[in-house]
Amino acid sequence: MSPDQRAAAPPVIVNPLSGERITIRTAAASQDAAAASALDWELVLAPGGRVPSSHAHPEQEERFTVLEGRMRFRVGGRRITAGPGQTVTVPPGTVHHFANASDQPARVAVRTRPALSMQALLETAAALAREQHAAARRRPSPVDLALFMRDFEREVRAPYVPSALVRAVIRPAAWLARRSGLDARYGRLRAPVGKRTAPSR
């Protein structure tokens, strides 16, 4: 593959823990544009694959259109199984989870609106998962998790716990990790986000 072909190829993100293979289809050219645009990505989920945990996107709507296979979703209190041609929409702030519901790979077109830093979140989550997988750790590093949740607090939050309580724990923990120099590994794995400035401490 030539350098020009590599430059034109869409980014592909592989997460060995969840079984996700993500291809970015369209992305905003800058962080400012991401505030108003959508991120379009294609998800291929291996048999048995699932998003690692229930979560919510505070400011973003996610729309999943199944292209191949069958997917199982939990959106709020509803359980939904969707096949080719069916679309499941997750409103902002709604706790959700998804998994492959068959013994074949599932392929899904996903639109996240607004994009914000969703691409960087997906890239960083996959990099952390690869590092965790290589180290044979059953759980993510608490330091990495705190830094991740702080960096992407507009894009993702933990379910069922009040946001104010999460921020009251995560922000000081992330600040302390950076202040103490415990963020070196996370810093190597963290995907860049255009011209995004670091969150206020």
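Look above for the structure.
Residues numbered from 1 in each chain as written. Predicted model: local features only at pLDDT ≥ 70, side-chain atom pairs only at ≥ 80, totals over all residues. Heavy atoms only, no water.

Sorry, what's going on with helix α5 (residues 163–179) here?
Because each turn of an α-helix spans 3.6 residues, side chains separated by three or four positions in sequence point in the same direction. Taking 1.5 Å per residue as the helical rise, α5 with its 17 residues ought to reach 24 Å, and the 24 Å between its terminal C-alpha atoms agrees with that figure. For α5, the set of buried residues is Val166, Ile170, Ala174 and Ala177. What you see down the axis of α5 is that its buried residues fit within an arc of 60 degrees, all on one side. Lining the buried residues of α5 we find α4 (142–151). One or two steps after α5, the chain reaches Gly181, where phi turns positive at roughly 75 degrees. (Helix = DSSP H or I, 4+ residues; strand = E, 2+ residues; numbered from the N terminus. Expected span 1.5 Å × (residues − 1). Buried < 20%, exposed > 50% of the residue type's maximum accessible area, 1.4 Å probe, protein only. Arc of directions from axis to C-beta. Contact = heavy atoms within 4.5 Å.)

Help me out: how do you make sense of the environment of Arg167 in this one?
Here Arg167 shows up in helix α5. When its relative accessible area of 37% is taken as the criterion, Arg167 is described as partly exposed. Residue contacts for Arg167: discarding those within four places in its chain leaves Glu153 and Pro172.

So what exactly am I meant to see when it comes to the pairing of strand β3 (residues 39–45) here?
Each regular strand shows side chains that alternate between the opposite faces of the sheet. Burial runs high along β3: six of the seven residues are buried. One ladder, built from six bridges, connects strand β2 (residues 20–26) with β3; its direction is antiparallel. Residue Ile24 lies in a different strand from β3, and its bridge partner there is Trp41. Where β3 meets strand β9 (residues 106–113), seven bridges bridge the pair, whose relative direction is antiparallel. In the strand pairing of β9, Val44 is matched with Arg107. (Pairing = 2+ DSSP bridges.)

Could you clarify how one ought to interpret the packing of aromatic side chains in this entry?
In this description, an aromatic ring pair is defined by two values, namely the gap between the centres and the angle between the planes. Applying the stated criterion across every chain, the model contains four aromatic pairs. Between Phe73 and Phe98, the aromatic rings sit 6.3 Å apart at their centres with planes inclined by 50 degrees, giving tilted as the arrangement. Note that Phe73 is positioned in strand β5 (residues 71–75) and Phe98 in strand β8 (residues 96–100), a separation of 25 residues in sequence. Both residues of the pair, Phe73 and Phe98, belong to the buried class. When the centroid spacing of 5.1 Å and the interplanar angle of 50 degrees are considered together, the rings of Phe148 and Phe152 count as tilted. Considered together, Phe148 and Phe152 belong to a single accessibility category, that of buried residues. (Phe/Tyr/Trp six-rings, centres within 6.5 Å; stacked < 30°, edge-to-face > 60°.)

Before we go on, may I ask you to explain the sheet that holds β3 in this structure?
Paired through backbone hydrogen bonds, the strands of a sheet run either parallel or antiparallel to each other. Read from one edge of the open sheet, six strands run β1-β2-β3-β9-β4-β7, paired in antiparallel fashion. Taken across any chain shown, the strands that pair with only one partner, and hence form the sheet edges, are β1 (12–15) and β7 (87–90). Averaged over all neighbouring strand pairs, the angle between strand axes comes to 20 degrees, with direction disregarded. Bridge count between β1 and β2: four bridges; the pairing is antiparallel. Its bridge partner lying in β2, Val14 is registered against Arg21. Along the sheet, helix α3 (residues 118–134) makes contact with β1, β2, β3, β4 (61–68) and β9, crossing β1 at roughly 40 degrees. (Axes fitted to C-alpha atoms, helices over the stretch in contact; angles between N-to-C directions.)

Help me out: how do you make sense of unusual backbone geometry in this one?
Most peptide bonds are trans, and most residues other than glycine sit at a negative phi. Here the bond from Arg113 into Pro114 is cis, since omega is -5 degrees, no more than 30 degrees from zero. Note on placement: Pro114 falls in the loop between β9 and α3. At Leu116, a residue that is not glycine, the phi angle is positive and equals roughly 45 degrees. Looking at the secondary structure, you find Leu116 in the loop between β9 and α3. A relative accessible area of 6% places Leu116 in the buried class. The phi angle at Tyr160 is positive, at roughly 70 degrees, despite the residue not being glycine. Note that Tyr160 resides in the loop between α4 and α5.

Just checking my understanding: could you explain the packing of α4 against α5 for this structure?
Put simply, α4 and α5 touch, their axes get as near as 8 Å, and they point 115 degrees apart. Taken as a pair, α4 and α5 cross one another with a handedness that is left-handed. The segment α4 lies against α5, with Val143, Ala146, Leu147, Met149, Arg150 and Asp151 engaging Ile170, Arg171, Ala173, Ala174, Ala177 and Arg178. Of the residues belonging to the contact of α4 with α5, the class tally is eight nonpolar, no polar and four charged. (Left-handed = near helix turned anticlockwise from the far one by under 90°. Nonpolar A, V, L, I, M, F, W, Y, C, P; charged D, E, K, R; others polar.)

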